[in-house]
Number of protein chains: 4
Amino acid sequence: MPGNSFGRRFVVTTFGESHGPALGVVIDGVPPGLVLDLDAMRAELARRRPGQSTLGTARKEGDEPEVQSGLFEGRTLGTPLCITFRNDDTKSADYDNLRDTYRPSHADYTYDARFGLRDHRGGGRSSARETVGRVAAGAVARQVLAAEGIEVLAWVSRVANEAGRDVDPETITRAQVDAHAVRCPDAEAAGRMEAAIRAARAEGDTVGGVIHGVARGLPPGLGSPVFDKIEADLARAMLSIPAAKGFESGSGYAGTYLRGSAHNDPFVPGERGPVTTTNHSGGVQGGITNGMPVTWTVAFKPVATIFHEQDTVNRAGQAVKLRPRGRHDPCVLPRAVAIVEAMACLVLVDHWLERLR
Amino acid sequence: MPGNSFGRRFVVTTFGESHGPALGVVIDGVPPGLVLDLDAMRAELARRRPGQSTLGTARKEGDEPEVQSGLFEGRTLGTPLCITFRNDDTKSADYDNLRDTYRPSHADYTYDARFGLRDHRGGGRSSARETVGRVAAGAVARQVLAAEGIEVLAWVSRVANEAGRDVDPETITRAQVDAHAVRCPDAEAAGRMEAAIRAARAEGDTVGGVIHGVARGLPPGLGSPVFDKIEADLARAMLSIPAAKGFESGSGYAGTYLRGSAHNDPFVPGERGPVTTTNHSGGVQGGITNGMPVTWTVAFKPVATIFHEQDTVNRAGQAVKLRPRGRHDPCVLPRAVAIVEAMACLVLVDHWLERLR
Amino acid sequence: MPGNSFGRRFVVTTFGESHGPALGVVIDGVPPGLVLDLDAMRAELARRRPGQSTLGTARKEGDEPEVQSGLFEGRTLGTPLCITFRNDDTKSADYDNLRDTYRPSHADYTYDARFGLRDHRGGGRSSARETVGRVAAGAVARQVLAAEGIEVLAWVSRVANEAGRDVDPETITRAQVDAHAVRCPDAEAAGRMEAAIRAARAEGDTVGGVIHGVARGLPPGLGSPVFDKIEADLARAMLSIPAAKGFESGSGYAGTYLRGSAHNDPFVPGERGPVTTTNHSGGVQGGITNGMPVTWTVAFKPVATIFHEQDTVNRAGQAVKLRPRGRHDPCVLPRAVAIVEAMACLVLVDHWLERLR
Amino acid sequence: MPGNSFGRRFVVTTFGESHGPALGVVIDGVPPGLVLDLDAMRAELARRRPGQSTLGTARKEGDEPEVQSGLFEGRTLGTPLCITFRNDDTKSADYDNLRDTYRPSHADYTYDARFGLRDHRGGGRSSARETVGRVAAGAVARQVLAAEGIEVLAWVSRVANEAGRDVDPETITRAQVDAHAVRCPDAEAAGRMEAAIRAARAEGDTVGGVIHGVARGLPPGLGSPVFDKIEADLARAMLSIPAAKGFESGSGYAGTYLRGSAHNDPFVPGERGPVTTTNHSGGVQGGITNGMPVTWTVAFKPVATIFHEQDTVNRAGQAVKLRPRGRHDPCVLPRAVAIVEAMACLVLVDHWLERLR
């Protein structure tokens with residue numbers, strides 16, 4: 001597949017440019033007979049939407065999902081679900097200065113190198129707007145998983161230098177995460193994070209940070225050796241999100257400082273099979289779930305669109321100065337929480353469907 | 001594909017258990033007409049082999065590659081290359097105590113949960129011995145890449161708390177890496193790392209750490225949006241390696257502390273197209289190479305096999321004590337360098353072949 | 001992939017039910033920079049459309065293609081091309097009697113067996129309307145192939161007992177094919193075929209027949225042993241068309257009566273490499289093109305919708321009588337010519353793109 | 001995948017050239033815990049083996065299967081099963097005259113066109129010897145299917161002009177098929193077929209013919225619209241067999257002469273759901289099984305290796321005369337029965353595993 005599909009059993013294909021007629025997603029492999037909750041999907045989309053709070057861009061996106069196929073009398077047919085999103089509020093003229101100029105640390109130059117041409121308006125295919133289809137697909141996956149008692153949750157754990165306290169992945173709730181616009185469940189840290197974001201914005205700058213995620217209720221035995229490990233698929237999923245630059249499973253980089261005797265997770269008998277007394281493994285051993293919560297983190301770089309004059313080159317290869325216009329987020333993390341969750345749902349539903357084989 | 005294949009154009013399928021008759025790899029998609037350098041392949045395999053130095057296990061593995069197909073008069077035919085490795089030095093009786101007992105932080109329990117049975121001898125399919133086929137395939141990929149001026153190199157940058165000095169990814173050489181048994185090019189740090197490994201071994205314990213990698217000579221334009229990004233594929237490749245728990249592309253987690261204005265990589269005109277004056281992006285923007293070196297790191301946890309008595313459970317669900325026997329590495333990083341390089345070669349040759357479309 | 005995608009390099013995914021909001025296709029892998037000729041696409045769609053002549057159904061379908069993505073200033077971006085078709089003229093009430101009754105030799109019962117539910121209106125996903133997306137995708141593929149001097153052509157060679165004279169696959173033209181509503185280039189036979197179709201319709205019955213196809217201008221060397229043979233992919237493509245029940249490559253079933261000495265195609269030197277003096281092989285040897293025209297046939301059964309009372313069963317498993325209503329073709333072959341060509345274009349463009357590796 | 005793999009859930013990858021060190025197959029996706037019956041596999045391989053009777057070639061092939069992986073204490077592990085076959089009786093010198101000469105209607109020229117080089121000894125990768133791995137894999141698939149009450153059977157229905165009487169696909173047995181060396185269950189016709197084969201051989205010539213197949217015991221609901229139809233997958237599978245030139249599902253080409261009213265299969269209530277009173281559909285409607293026997297045919301051309309002097313060209317493009325040497329079958333159909341059955345088993349087990357999702 002040439003790059004726009006994800007998954008093996010629950011296959012998600014996204015399409016669309018940020019300023020084309022529409023974007024969307026086709027999902028092939030949705031289990032039949034599911035009563036699709038479109039309001040729940042809208043709620044997920046609202047968490048991803050720009051302009052949710054004063055922390056982010058003022059840009060509004062039309063993201064009302066239009067289900068074109070695969071649904072009949074409210075139930076999934078087992079045939080491809082196509083969901084489209086029209087592009088409305090697209091101020092394409094804002095981008096005229098980017099037709100021939102490559103923005104630093106954007107995909108402008110690399111798309112030209114790959115394809116020989118690009119839609120320069122709003123990032124075209126490389127725009128984070130592409131993820132609207134992922135979140136819609138993730139909402140479908142989430143409903144399949146929820147019926148099996150599996151839930152997926154993510155939250156902002158650090159913005160720039162402002163870190164939240166450790167969160168118990170077994171008990172954290174979405175209500176706690178969404179209590180603050182920045183989607184950090186630690187109220188005090190959320191305040192510091194918001195201040196950091198506002199400070200960056202005031203200076204025309206941007207900040208990055210880290211998101212933590214957890215999946216709970218997974219049975220042991222999900223995942224396939226040796227290349228389709230849960231962690232490998234999660235890593236690919238997370239690094240496919242715009243601006244993602246790192247991934248950790250379980251103890252991640254911190255665990256590399258420990259000795260094996262401290263890092264190993266002892267098994268003890270549990271009610272429904274073995275459980276571990278610690279979870280450095282992040283719920284995965286040998287690429288397969290062990291029944292403990294699956295935990296991971298994702299690093300997001302500061303987004304590249306800043307309102308400073310920058311050095312760059314144009315298509316003719318000449319040095320030029322660039323000062324971006326348009327509407328952009330100083331920090332994507334609060335919105336990226338919805339995308340991280342969606343991608344995790346896609347990975348897990350795929351392995352879930354494979355398990356039932 | 002049910003988990004044992006990697007790649008889309010250069011498709012690598014590994015097979016084999018550590019104590020079965022043989023392990024191996026089938027590579028479909030090898031360009032025809034390549035004069036295959038088997039000695040170069042043997043050299044890569046030697047870097048992965050246990051028992052290279054007194055740092056590692058005394059176990060010897062038969063890893064003479066036997067090419068069964070796809071080669072005629074020294075050249076690749078464009079048909080599948082099958083390479084097998086016989087299992088010789090397999091002391092299976094060493095593992096009898098593991099038939100019904102789950103080692104903590106190994107894949108014993110999870111394989112049982114997935115498949116309902118397992119080959120308990122030496123880890124079976126979850127053994128790191130499986131990677132012998134990956135390294136053989138990586139050696140073929142490396143030869144394809146080398147013909148295009150592309151080289152891939154990795155090194156140990158930290159073991160437990162012992163970190164090496166920063167290395168210039170543009171100039172580091174394999175000779176520098178292999179100058180020390182621990183495969184850290186910084187002589188002073190290498191000494192500290194080796195001491196840490198010997199100390200852990202003396203206590204029947206293990207240590208983890210970090211490997212850095214670089215690919216040089218890549219043209220701009222490799223990689224496919226939106227899911228087959230170079231970084232996403234590298235992340236999946238790296239997290240599929242046994243004991244890997246983290247991945248960073250370019251600036252990774254450290255970059256999340258920077259503001260966009262500091263993190264962005266300014267473009268300037270170069271001899272063969274735009275170049276960047278910094279490389280926080282790690283050579284990839286929007287998932288596509290920009291012509292700068294592609295850089296990444298991988299975190300490896302301390303390996304799970306320690307020679308301490310540990311709490312665990314057996315297949316019957318009862319609490320038991322376990323003290324592993326057998327021969328094991330106190331630190332996999334020096335050998336994992338070869339695996340990290342091999343997996344990177346597989347990712348890059350795949351994208352290279354896709355580019356030629 | 002769960003069944004709705006075709007191709008490896010030029011990946012076509014169709015979606016949509018005949019009476020849902022819209023149908024369409026996503027094409028991933030379209031070469032970038034192609035100036036897409038939408039009028040040429042409309043012309044292909046017009047050849048597939050119901051109601052073209054008095055031979056077919058009076059049903060009209062809205063098949064104006066709406067390009068949602070992948071196109072910028074008239075050129076393909078190399079990103080997914082999504083093309084949708086709205087469903088307008090859908091008299092769903094015509095199908096109310098089919099909600100609980102299985103039409104003989106339709107997919108009603110088998111969809112229920114597969115999915116547990118179905119959209120009974122107009123056949124839902126099993127409707128031939130699904131092929132509108134295939135024809136649109138085929139039109140894109142055809143433009144890629146045409147730029148390489150490759151052309152694909154099909155025609156009706158037999159309807160029921162009425163056969164046309166042999167056609168020279170090297171010289172036949174689309175103008176000759178389209179000169180008659182039945183799409184048989186033999187005028188006399190076309191008259192007999194049309195009479196057979198009208199006779200069947202007058203009796204509320206249907207007829208089948210055979211379509212021949214040819215691809216010209218293919219270079220030698222397209223196709224991949226051993227499973228992705230050109231013939232194997234063509235066979236799959238053709239048998240995926242609704243109502244197709246047979247496929248022949250080159251000499252097909254007739255060739256099985258010959259001895260090898262009569263069937264073998266002698267090579268002689270040609271201007272641009274070897275050519276054969278006969279073409280029983282149908283341009284393919286060992287699954288790979290030899291530079292001669294690729295030829296094949298497809299058998300189409302008489303369509304299942306007849307206006308006779310028939311015995312069948314309902315969802316409750318009871319015997320019932322059924323007399324279909326609605327608007328249907330007495331013979332699909334004239335329209336199926338466009339679908340046969342489209343699917344052949346999809347197979348060939350895939351192998352063409354693979355060749356450029 | 002670049003051509004040497006078949007299947008989505010039960011993925012079969014074959015490798016090997018006829019005169020290389022070994023051939024074989026890797027099967028990924030074998031259900032775990034299956035007690036593998038290797039003697040049953042040997043029996044299938046014996047039916048494919050050259051030199052079974054005086055009808056075929058005197059060439060003997062070493063086809064003792066060596067299981068390299070995926071099996072532990074007699075049970076499948078759910079990990080890849082690799083089975084190899086050593087090449088022993090390879091008289092490579094017999095083929096020296098083919099190094100630079102293209103045999104008519106073989107794959108010699110087309111492999112050169114595809115790959116730029118080839119192993120000319122015994123056909124290399126294009127040799128029918130490649131199918132030994134398919135038959136081994138088919139034997140594994142057959143065991144999975146047998147446990148579900150599904151059986152697959154094929155027989156020779158015509159050789160050149162000698163046709164057998166119609167066979168009842170519901171009751172035909174393997175014993176009846178194997179009662180005659182030619183594998184036609186009609187004794188009288190078997191005699192005529194054998195005479196035709198011996199006559200062709202006496203004249204250094206070859207004959208083709210038709211094989212019929214049936215799968216019984218399939219539940220309704222196997223198969224996936226719209227491209228992964230059972231018939232489409234069977235067609236691809238059959239056309240991937242060397243020398244196959246045609247495929248029919250159910251009524252095939254003969255059914256195209258019927259009207260819909262005669263061709264439709266009326267449903268009547270059955271003990272375990274609807275059944276049809278006729279089976280023109282060949283057990284498949286809309287690409288999905290309806291619970292009736294799945295039936296098909298395959299056309300095999302006369303094999304290309306004849307012992308007559310033939311016109312051809314060499315690699316330099318010059319006209320030359322060729323008279324093949326070596327050992328070859330005058331008719332592949334008796335042996336091809338085993339290959340047809342194996343490929344059908346691969347298709348059906350794939351859909352069976354998909355159904356359990």
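Everything here concerns the structure above.
Residues numbered from 1 in each chain as written. Chains lettered and ligands numbered in written order. Predicted model: local features only at pLDDT ≥ 70, side-chain atom pairs only at ≥ 80, totals over all residues. Heavy atoms only, no water.

Participant: Talk me through the overall build of chain A; I want residue IDs and the actual numbers.
Facilitator: Within chain A, the regular secondary structure consists of eight helices and 18 strands. Expected size for 357 residues packed as a compact globule is a radius of gyration near 21 Å; at 21 Å, chain A falls within 12% of this value. If one aligns the C-alpha atoms of chain A with their principal axes, the spans along those axes are about 65 × 50 × 35 Å. Sorting the 357 residues of chain A into buried and exposed places 66% on the buried side. When contacts within chain A are restricted to residue pairs at least 6 apart in sequence, long-range pairs at least 24 apart make up 70% of them. Entry remark: accessible area of chain A is about 10700 Å², with carbon and sulfur atoms responsible for 49%. (Helix = DSSP H or I, 4+ residues; strand = E, 2+ residues; numbered from the N terminus. Rg over C-alpha atoms; globule rule 2.2 N^0.38 Å. Buried < 20%, exposed > 50% of the residue type's maximum accessible area, 1.4 Å probe, protein only. Contact = heavy atoms within 4.5 Å. Areas by Shrake-Rupley, 256 points an atom, 1.4 Å probe, with all protein chains shown as cover.)

Participant: I'd like to hear about the interface of chain A and chain B, residue by residue, with values.
Facilitator: Counting residues at the interface gives 106 residues for chain A and 106 residues for chain B. Between chain A and chain B the total buried area reaches about 8100 Å² when both faces are included, carbon and sulfur atoms providing 56% of it. Three residues, Arg114, Phe227 and Lys245 of chain A, lead the burial of chain A against chain B; their summed loss comes to 11% of the area buried on that side. There are ten salt bridges connecting chain A and chain B. The residue Glu354 of chain A makes a salt bridge to Arg114 of chain B at a minimum N-O spacing of 3.3 Å. Seen at the junction of chain A and chain B, the total is 51 residue pairs in polar contact (both at pLDDT 80 or more). (Buried area = accessible area lost by both parts, 1.4 Å probe. Salt bridge = Lys/Arg side-chain N within 4 Å of Asp/Glu carboxyl O. Polar contact = N/O pair within 3.5 Å; in protein donor to acceptor, adjacent residues only side chain to side chain.)

Participant: Can you break down unusual backbone geometry residue by residue, with the values?
Facilitator: Cis rather than trans, the peptide bond between Pro225 of chain B and Val226 of chain B has omega equal to 0 degrees. Note on placement: Val226 of chain B falls in the loop between β10 (209–216) and α6 (230–239). With a phi angle near 75 degrees, Ala243 of chain A is a residue other than glycine that sits in the positive phi range. Its place among the elements puts Ala243 of chain A in the loop between α6 (230–239) and β11 (244–249).

Participant: Tell me what's going on with the pairing of strand β8 (residues 151–159) of chain A, and back it up with residues and numbers.
Facilitator: Residues and elements named next belong to chain A. Within β8, eight of the nine residues are buried, which leaves the element mostly enclosed by the surrounding structure. In this structure, β8 lies alongside strand β10 (residues 209–216), joined through eight bridges in antiparallel fashion. Counterpart to Ala154 in the pairing with β10 is Gly213. Both β8 and strand β9 (residues 162–163) contribute to a ladder of two bridges, which runs antiparallel. Of the residues in β9, the one forming a bridge with Val159 is Glu162. Here β8 folds back onto β9 in antiparallel fashion, the turn holding two residues, of which Ala160 has a positive phi close to 50 degrees. (Pairing = 2+ DSSP bridges.)

Participant: Can you tell me about the sheet that holds strand β4 (residues 66–69) of chain C, naming the residues and giving the values?
Facilitator: Hydrogen bonds along the backbone pair up the strands of a sheet, which may run parallel or antiparallel. Residue and element names in this part refer to chain C. Pairing within the open sheet is antiparallel, and its five strands lie in the order β1-β2-β3-β7-β4. Every interior strand has two partners, whereas the edge strands, β1 (5–6) and β4, have only one. Both β1 and strand β2 (residues 11–15) contribute to a ladder of two bridges, which runs antiparallel. Directly across from Ser5, in β2, lies its bridge partner Thr13.

Participant: Let's hear about the packing of helix α1 (residues 38–48) of chain B against helix α3 (residues 131–146) of chain B: which residues, and what values?
Facilitator: All names here are of chain B. Between α1 and α3, whose axes approach to 9 Å, the crossing angle comes to 140 degrees. Between α1 and α3, the angle falls in the class oblique. Both α1 and α3 take part in a crossing whose hand is right-handed. Residues Ala40, Met41, Glu44, Leu45 and Arg48 of α1 pack against Thr131, Val132, Val135, Ala136, Ala139, Val140, Arg142 and Gln143 of α3. (Axes fitted to C-alpha atoms, helices over the stretch in contact; angles between N-to-C directions. Parallel < 35°, antiparallel > 145°, perpendicular 65-115°, else oblique. Left-handed = near helix turned anticlockwise from the far one by under 90°.)

Participant: Describe the relation of the copies chain A and chain B, naming the residues involved and giving the relevant values.
Facilitator: Its rotation angle being 180 degrees, the transformation that places chain A on chain B also includes 0.0 Å of axial translation and leaves an RMSD of 0.0 Å. Here the copies are linked by what is in effect a two-fold axis. In this assembly the copies share their binding face: 100% of the residues contributing to the interface of chain A also contribute to that of chain B. (Least-squares fit on C-alpha atoms with pLDDT ≥ 70 in both.)

Participant: Provide a residue-level description of helix α1 (residues 38–48) of chain D, including the pertinent values.
Facilitator: All names here are of chain D. Among the residues of α1, Met41, Glu44, Leu45, Arg47 and Arg48 are the ones counted as buried. The buried side chains of α1 occupy one side of the element, clustering within an arc of 155 degrees when seen end-on. Packing partners of the buried residues in α1 comprise β7 (81–86), α3 (131–146), α4 (174–178) and α8 (333–355). Taking the backbone nitrogen of Asp39 as reference, a side-chain oxygen 3.1 Å away marks Asp37 as the first, capping residue of α1. (Arc of directions from axis to C-beta.)

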